[in-house]
Amino acid sequence: MGKKLYVGNLSYSATDQTLIDTFTQCGQVESAKVIMDRETGRSKGFGFVEMSNESEAASAIDKFNGVEQDGRALKVNEAKPMAPREDRGGGYGSGGRY
């Protein structure tokens with residue numbers, strides 16, 4: 001089990017500090033990041049928390065997965081590595097007509 005956790009179904013008012021305050025109940029939080037929408041500046045409803053060791057990460061999953069916070073049931077599990085993105089083209093110098 002990894003130390004980095006995916007936290008889904010967050011309220012749109014959740015912040016990095018909200019994640020830190022919540023997950024420190026299970027141990028030391030190395031980092032916490034709520035993913036924000038670039039256009040609106042509002043939370044996308046998910047984020048990532050990195051715990052200092054695997055046992056703390058397992059404890060956080062057991063404690064918070066399915067628990068209601070701000071009227072929403074959290075989804076907490078081990079974060080999966082980011083899948084490589086396909087080149088969608090666009091942008092300057094991508095072979096478009098100029």
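Residues numbered from 1 in each chain as written. Predicted model: local features only at pLDDT ≥ 70, side-chain atom pairs only at ≥ 80, totals over all residues. Heavy atoms only, no water.

It is worth spelling out the packing of aromatic side chains at this point. Taken as a whole and assessed by the stated rule, the structure comprises four aromatic pairs. In this structure an aromatic cluster arises from ring pairing among Tyr6, Phe46 and Phe48. Taking the ring centre of phenylalanine 48 as reference, the NZ or CZ of lysine 4 above it sits at 5.4 Å. The ring centre of tyrosine 12 lies 4.2 Å from the NZ or CZ of arginine 42, which sits over that ring. (Phe/Tyr/Trp six-rings, centres within 6.5 Å; stacked < 30°, edge-to-face > 60°. Lys NZ or Arg CZ within 6 Å of the ring centre and 35° of its normal.)

Glancing now at helix 1 (residues 16-23). Buried within helix 1 we find Leu19, Thr22 and Phe23. Buried residues in helix 1, looked at end-on, bunch into an arc of 85 degrees, giving them a common side. Where helix 1 is buried, its residues contact strand 1 (4-8), strand 2 (29-36), strand 3 (43-51), helix 2 (54-64), strand 4 (68-69) and strand 6 (75-78). (Buried < 20%, exposed > 50% of the residue type's maximum accessible area, 1.4 Å probe, protein only. Helix = DSSP H or I, 4+ residues; strand = E, 2+ residues; numbered from the N terminus. Arc of directions from axis to C-beta. Contact = heavy atoms within 4.5 Å.)

With that settled, consider unusual backbone geometry. Of note in the backbone geometry, asparagine 9 takes a positive phi value of approximately 65 degrees without being a glycine. Looking at where asparagine 9 falls in the secondary structure, it is placed in the loop between strand 1 and helix 1. Phi angles above zero are rare outside glycine, and aspartate 70 is one such case at about 55 degrees. Within the secondary structure, aspartate 70 is located in the loop between strand 4 and strand 5 (72-73). For aspartate 70, a relative accessible area of 54% translates into the label exposed.

What follows is about the pairing of strand 2. Note that strand 2 and strand 3 share six bridges and pair antiparallel. Bridging from a neighbouring strand, valine 29 pairs with methionine 51 of strand 3. The turn linking strand 2 back onto strand 3 is made up of six residues, and glycine 41 within it adopts a positive phi angle of 75 degrees. (Pairing = 2+ DSSP bridges.)

Okay, the environment of serine 55 next. Within the element layout of this structure, serine 55 appears in helix 2. On the basis of relative accessible area, serine 55 is assigned to the exposed category, the value being 53%. Taking the C-alpha atoms as reference, serine 55 lies 9.0 Å from glycine 27; in sequence the two are 28 residues apart.

As for its placement among the helices and strands, glutamate 56 is situated in helix 2. For glutamate 56, which is buried and forms no salt bridge, the nearest opposite charge comes from lysine 3, at a distance of 9.1 Å. Every residue in contact with glutamate 56, bar those within four places of it in the chain, is listed here: Cys26, Gly27, Gln28 and Met51. (Lys, Arg positive; Asp, Glu negative; His and termini not counted. Salt bridge = Lys/Arg side-chain N within 4 Å of Asp/Glu carboxyl O.)

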